[in-house]
Structures are given as structure tokens and as C-alpha cells.
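# Working through the structure, step by step
What follows is the residue order along each chain.
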Amino acid sequence: MKICVVGTGYVGLVTGTCIADLGNDVTCVDVDEKKVENLKKNILPIYEPGLEELVKRNKKRLNFTTSIKEGMKGAEVIFIAVGTPPKHNGEADLTFVKEVAKSIGKSMDGDKIIVDKSTVPIGMGDLVESIIEDNYKGKSRYDVVSCPEFLREGSAIHDFMNPDRVVIGAKKKDAAEKVAGIFAPLKCKIVITDLRSAEMIKYASNSFLATKISFINEIANICERVGADVSTVAEVMGFDKRIGAQFLNAGAGFGGSCFPKDVAALINIARSEDYEPLILNAVMEVNKMQKKLVLNKIKRMLGTVEGRAIGILGIAFKPNTDDIREAVALDVIKSLAEKGCRIKAFDPVAMPNAKKVLKNVTFVKDAYEAAEKTECLVVLTEWNEFRELDLKKIKASMKKPVIVDARNIYDPETVKKHGFEYTGIGRN
Ligand code: UDX
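Small disclaimer: the values here were computed from a predicted structure and weren't measured.

## Points about the environment of Thr119
Its place among the elements puts Thr119 in the loop between strand 5 (112-116) and helix 6 (124-135). C-alpha of Thr119 to C-alpha of Ile43: the two residues are 76 residues apart in sequence and 26 Å apart in space. Contact partners of Thr119, with chain neighbours within four places excluded, come to Thr84, Glu149, Lys202, Tyr203, Lys261 and Asp262.

Right, dumping it as C-alpha cells:
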């Protein structure tokens, strides 16, 4: 099938490439000319494990252009996969989605199915339909379908090819079935429902995952006060199938371009319907506090923070990505810089992005250089390469052997045996 995907970010490029890998002819559209030129040369705008090879492998079925009109030519299905970033009040900014819907309306060249892949507020499918209606007066049929993405950055290709479920929301069954046909080769559960339920499934799923994280972080904070170990507590909780082991890693809080944005957007949606979402408010509150906890721990370990030499391990919002959006590390580093700390930071992949937004930080070549001559080493992203560092070498190079492990990647006993003062999150 000929398919068009608008947006070549973390969602759009993965979706377009994977759909091409399923045998479809895909044209990916982006307004950014530089991005499109680079993509034609197999230079990707994002880091996602395995994506570069997948794009290369599908180059016969993948095209890139800045023109929606060109991308839509002959395409039966058009995926909208552009950003819906949060406004200052948390509401989703729909500018890009609306612009794309308008361009689609002006570029119709036959029957189309328009698929909302971006996370859009409840009712957005209807709005996209009305925008197309305003801009297209021809006879071709168009249906708007919601097909929310459930990709995790760093494992996006795996998540696309092995989905727990594909959700398709539509008014017309035949439109839903046409979209379902694209995912049929994945041999997975395909749920067809109405537009608004599909849009809500996405928000409810992400908000629940964020709730799990804030829940275990709250339990971690109580564990610290009662002398329990949250890693053990979480592991044993997870044996209960009703709870499940995943998303129970206590840490410095959740970041990324999804959880903070989606929970805030759902809070806004609820409030716009005169409902105050108490649990979701608490999820955001706990997460905000958790980020501050890291600074308090550094202060507790050093006595003071002002002007101290601090080493930071990890800047990306999670491992296996270069994405620093809403990363905890950004908050922690900015607060330390405001206190005049001398900061050295290392991240295996995210430093080019970090350099664009962080000042008063020395970026170094590896974890050992980040630790050298510092008074406290802070783990903010659980990259695997930080798990097996030579602790003897680290200790010998530090001015003060202090570790604040904000992602609980170390065993407290092992680290203490190496002569470090150690604090994790909810560890004892
Ligand atoms: C998330 C959802 O998982 C995915 O289904 C959706 O499509 C997009 O949003 P993503 O934001 O890429 O994916 O990353 P995820 O792995 O979910 O982690 C989000 C944040 O939660 C990260 O900052 C991570 O460090 C944090 N996290 C995750 C925890 O603090 N503890 C956990 O147990 C899991």
C-alpha cells in the first residue's frame, strides 16, 4: 500500500520506517528541509537503536520530502505524527496537527484515511475532520482514524514490531479495517473502537504508567524512613501478576516527552470538563518533589552544595536515547549551576543535545573523567556502562568518595565496601 507519514521525529520516523519494513511504499514528510536532505543521505535526526540500519534496509520503499502534496500523491493512508508539546499550562499545543490537517485538506487527490498517530486530546479526531472539511470541497471520501502509538524511546522498533496491542478508533468500520490491514503482519491483538475511546486509551495508559512510577517513588521515600529497601519491596510486589514487575523502578522521577506532557494534558482535559483529577495531580506533585530530592541528598552527603565539585553520570531522560526533553538531569544540573557548583557531566549519547541547552557544565569523554577530582558522583541516567565501572579507580580519583545513585544502579553494600559514602533512592 502507498502510505504517507507526516513528521519525522521519534514517532514519525520509526512509524514510517517500520511500515516500510512491512512492505509498504512510504513517503515521510517534514517541514525541516535540512532534516529531509539528511534523511535522503541516511543521516537521521534522532538516535534510536537499530533505526539507521532499518532506514538503509528499506531505502527502496522509503522516500523523504518537505511537501505534503507530494507525500500524499496516490497514498491511501496518511499518518499524522507531529509533535503536540505542552503549553505553559500543560495543555497540548495542537498547532502542528492543525497545520497538517489544513495542508491535507488542500492536497486531497482521492479517497484518504487520515490516521492520528500523535497523542492528541480527546475529540481531536473530530477537529481534524472538521479542518479537512473546511479546506476540501471535492467529492473524495476521507475518514479520520485514531491509532495512538505506544513506542518507548530506546526500544521503539521492538515496540512497533511486537506491540501488546494496536488500538484503532474510527467512526466507519471499513476505514478502521483498512488501517488494521497495515498492522496485520504483526499478528498481534488489534482493537477497533470509537475515536474518543482510542484517544483516551493512550492518555490513560501513559498516565497509569506514570502513576506506577510516582507510587514506587513514594514508597521509596517511606522505605528510607522506616529502614526498608525499595528494590526488594518492588521486586516482591511485582511477583503479584495484578501488579506486574515493570515500571516499579524507584528513582529521580520520570522525564521524557511523553509522561510529563500526557499526564498534564489529561489533567487539563479533565479540568476542562469541570473534574479535578486528584490522583493525576498527586502523580505530578510527587514527580516534581522527586527531582528536588536528588539535590537534598547531595546536600545531606556533603553538608553544603554551594561551589562543590560534582560529577554527573547520565543526562538523557532514560538510557538508550539521546533525548533530553524533560530529563531530570536538566533540572538537577541547572540547580547545581545556580549554586556555583563546578560540574562535569558525561552521557554516552545525549551530550550533543545537552550542549545546546546547558551552560556552566564541562562535558567530558567518559564516566571516569566525570568522577575525577569531584566531591560527589551523581547517577542520573541508568546507562548500562555505568553499572560495571571500576569503583577502585573511581574512588582513587575523587576528592571525596561520595555517590548519589538516583537510579539505584549499584548495590549499596558493594559500593560501601569500596570505601564510598553511598545513598540511593529508598535504599538502606
Ligand atoms: C513512554 C511510554 O512507556 C510509551 O508507551 C509511550 O508511547 C511514550 O511514553 P518513554 O517516555 O519513551 O515511553 O519512556 P519510558 O521507558 O516509559 O520512561 C519514561 C520515564 O519514566 C523515564 O524518565 C524513565 O526514567 C522513567 N521510569 C521508567 C522510571 O523512573 N521508573 C520506571 O520503572 C520506568
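Structure shown, so let's carry the discussion forward.
## Here's the deal with the nonpolar core
Grouped together as the largest cluster of nonpolar side chains are 57 residues, with contacts concentrated most on Ile298, Ile315, Leu336 and Tyr410. Looking at this core element by element, the count peaks at 7 residues for helix 13 (residues 328-338).

## A closer look at the domain arrangement of the protein
One can read the domain layout of the protein as domain 1 (2-193) and domain 2 (209-423). Centre-to-centre, using C-alpha coordinates, domain 1 lies 33 Å away from domain 2. Summed over both partners, the interface of domain 1 with domain 2 buries about 1,300 Å², with 53% contributed by carbon and sulfur atoms. Contact with domain 2 buries area across many residues of domain 1, yet Tyr10, Tyr47 and Glu153 alone supply 41% of it, more than any other trio. The interface formed by domain 1 and domain 2 includes 1 salt bridge. We note a salt bridge from Arg325 to Glu153, for which the minimum N-O separation is 3.5 Å. Between the two partners, domain 1 and domain 2, sit 6 residue pairs in polar contact (both at pLDDT 80 or more). Per-class residue counts for the side of domain 1 that touches domain 2 are 9 nonpolar, 5 polar and 3 charged.

## A word on the pairing of strand 5
Along strand 5, 5 of the 5 residues are buried, which leaves the element largely enclosed by surrounding structure. Side chains Lys112, Ile114 and Asp116 of strand 5 all project onto a buried face; the interleaved residues Ile113 and Val115 project onto the opposite face, where all are buried too. By the bridge criterion, 4 bridges tie strand 4 (residues 77-80) to strand 5 in an arrangement that is parallel. Looking across to strand 5, one finds that Phe79 is bridged to Val115.

## Examining the site of the ligand
The environment of the ligand is made up of 19 residues, and the closest members are Leu151, Glu153, Lys202, Gly255 and Lys318. In the environment of the ligand, an oxygen atom lies 2.9 Å from a nitrogen or oxygen atom belonging to the backbone of Leu151. Contact distances for the ligand include 3.0 Å between an oxygen atom and a backbone N or O atom of Asn249. Computed on the free molecule, the ligand has an accessible area of 660 Å², of which 93% lies beneath the protein chains in the complex. The leading source of residues in the shell around the ligand is helix 9 (residues 195-226), at 3 residues.

## So, the packing of aromatic side chains
Tallied over the full model, the rule gives 5 aromatic pairs. A ring pair is formed by Phe254 and Phe259, whose centres lie 5.9 Å apart and whose planes are at 85 degrees; its orientation type is edge-to-face. Judged by its relative accessible area of 4%, Phe254 falls in the buried class. Taking the centre distance of 6.2 Å and the plane angle of 65 degrees together, the rings of Phe346 and Phe386 count as edge-to-face.

## Focus: the sheet that holds strand 11 (residues 361-363)
Read from one edge to the other, the open sheet built from 6 strands follows the order 11-10-9-12-13-14, with strand pairing classed as parallel. Every interior strand has two partners, whereas the edge strands, strand 11 and strand 14 (421-423), have only one. Pairs of neighbouring strands in the sheet enclose a mean axial angle of 20 degrees, with direction left out of account. Across 3 bridges, strand 10 (residues 342-346) lies against strand 11 in parallel orientation. For Lys344, the partnering residue across the bridge sits in strand 11 and is Thr362. Packed onto the sheet, helix 12 (residues 278-302) meets strand 9 (309-313), strand 12 (376-379), strand 13 (402-405) and strand 14 and runs at close to 160 degrees relative to strand 13.

## Some thoughts on the packing of helix 9 against helix 11 (residues 259-272)
Where helix 9 contacts helix 11, the axes come no closer than 9 Å and their chain directions differ by 115 degrees. The handedness of the crossing between helix 9 and helix 11 comes out as left-handed. Residues Met200, Lys202, Tyr203, Asn206, Ser207, Leu209, Ala210 and Ile213 of helix 9 touch helix 11, and the partners they reach there are Phe259, Asp262, Val263, Ala265, Leu266 and Ile269. Looking at side-chain class alone, the contact of helix 9 with helix 11 contains 10 nonpolar, 2 polar and 2 charged residues.

## Some thoughts on unusual backbone geometry
For residues other than glycine, phi is negative in most cases, and the peptide bonds are mostly trans. At Phe247, a position not held by glycine, the phi torsion is positive, near 60 degrees. Take Phe247: it is sitting in the loop between helix 10 (230-238) and helix 11. By relative accessible area, which is 23% here, Phe247 ends up partly exposed. Notably, Asn408 is not glycine yet its phi reads approximately 50 degrees, a positive angle.

## Considerations on the pattern of salt bridges
Proximity of charged atoms lets side chains of opposite charge pair with each other. The full count for this structure, using the stated rule, is 31 salt bridges. As a salt-bridge pair, Asp143 and Arg141 come within 2.7 Å of each other at their nearest N and O atoms. Classification of Asp143 by relative accessible area gives buried; the value is 7%. With its nearest N and O atoms 3.7 Å apart, the salt bridge here joins Glu285 to Lys288. Of the two residues, Glu285 and Lys288 are both situated in helix 12; the distance of 3 residues between them amounts to about one turn of the helix. The exposure class assigned to Lys288 is partly exposed, which follows from its relative accessible area of 46%. Connected through salt bridges with shared partners, the residues Asp126, Glu129, Lys171 and Arg196 form a single ionic network.

## Some remarks on helix 6
The terminal C-alpha atoms of helix 6, which comprises 12 residues, lie 17 Å apart, in line with the 16 Å expected from a rise of 1.5 Å per residue. Where helix 6 is concerned, the buried positions are Met124, Gly125, Val128, Glu129, Ile131, Ile132 and Asn135. One side of helix 6 holds all its buried residues, which, seen down the axis, span an arc of 160 degrees. As for helix 6, its buried residues are in contact with strand 4, helix 5 (95-106), strand 5, strand 6 (142-146) and helix 9.

Thresholds applied
- Per chain, the residues get numbers from 1 upward, laid out in the order the sequence is written.
- Given that the model is predicted, a residue must reach a pLDDT of at least 70 before its local features are reported, and side-chain atom pairs must reach 80 or more before they are shown or counted; all residues, however, enter totals for whole chains, interfaces and linings.
- The basis for the side-chain values is all heavy atoms of the structure; hydrogens and waters are excluded.
- Under the DSSP-based scheme used, a helix requires at least four consecutive residues in state H or I and a strand at least two consecutive residues in state E, with every element numbered from the N terminus.
- By definition in these notes, contact holds between two residues if any of their heavy atoms fall within 4.5 Å.
- Side-chain atoms within 4.5 Å are what join buried Ala, Val, Leu, Ile, Met, Phe, Trp, Tyr and Cys residues into a set we call a nonpolar core.
- Buried residues are those whose accessible area, probed at 1.4 Å on protein chains only, stays under 20% of the maximum for their type, while exposed residues exceed 50% and partly exposed ones sit between those limits.
- In this document the domain limits rely on a domain assignment from an automatic tool or a database.
- Note on terms: buried area is the combined drop in 1.4 Å-probe accessible area of two parts once they are placed together, counting the loss on both.
- Salt bridge, as used here: a side-chain nitrogen of Lys or Arg that lies within 4 Å of a carboxyl oxygen of Asp or Glu.
- For the purposes of these results, a polar contact is taken to be a pair of N or O atoms within 3.5 Å, where, inside protein, one atom must be able to donate a hydrogen and its partner to accept one; residues adjacent in sequence count only when each atom of the pair is a side-chain atom.
- The classification used treats Ala, Val, Leu, Ile, Met, Phe, Trp, Tyr, Cys and Pro as nonpolar, Asp, Glu, Lys and Arg as charged, and all other residues, Gly among them, as polar.
- For two strands to be treated as a pair, DSSP must find at least two bridges joining them.
- Residues are labelled near a given molecule or strand when at least one of their non-hydrogen atoms is within 4 Å of it.
- Accessible surface is estimated by sampling points in the Shrake-Rupley manner with a 1.4 Å probe; for residues, cover comes only from the protein chains shown.
- The criterion for an aromatic pair is that two Phe, Tyr or Trp rings (for Trp, the six-membered ring) have centres within 6.5 Å, with stacked assigned to planes under 30 degrees apart, edge-to-face to planes over 60 apart and tilted to the rest.
- Angles shown run from 0 to 180 degrees and are taken between the N-to-C directions of axes, each axis being a line fitted to C-alpha atoms and, for helices, limited to the stretch in contact.
- Handedness of a crossing is defined here by the sense of rotation of the near helix relative to the far one, left-handed for an anticlockwise turn of less than a right angle and right-handed for a clockwise turn.
- Every helix has an expected span of 1.5 Å times one less than the residues it contains.
- Think of the arc as the fan of directions from the helix axis to the C-beta atoms.

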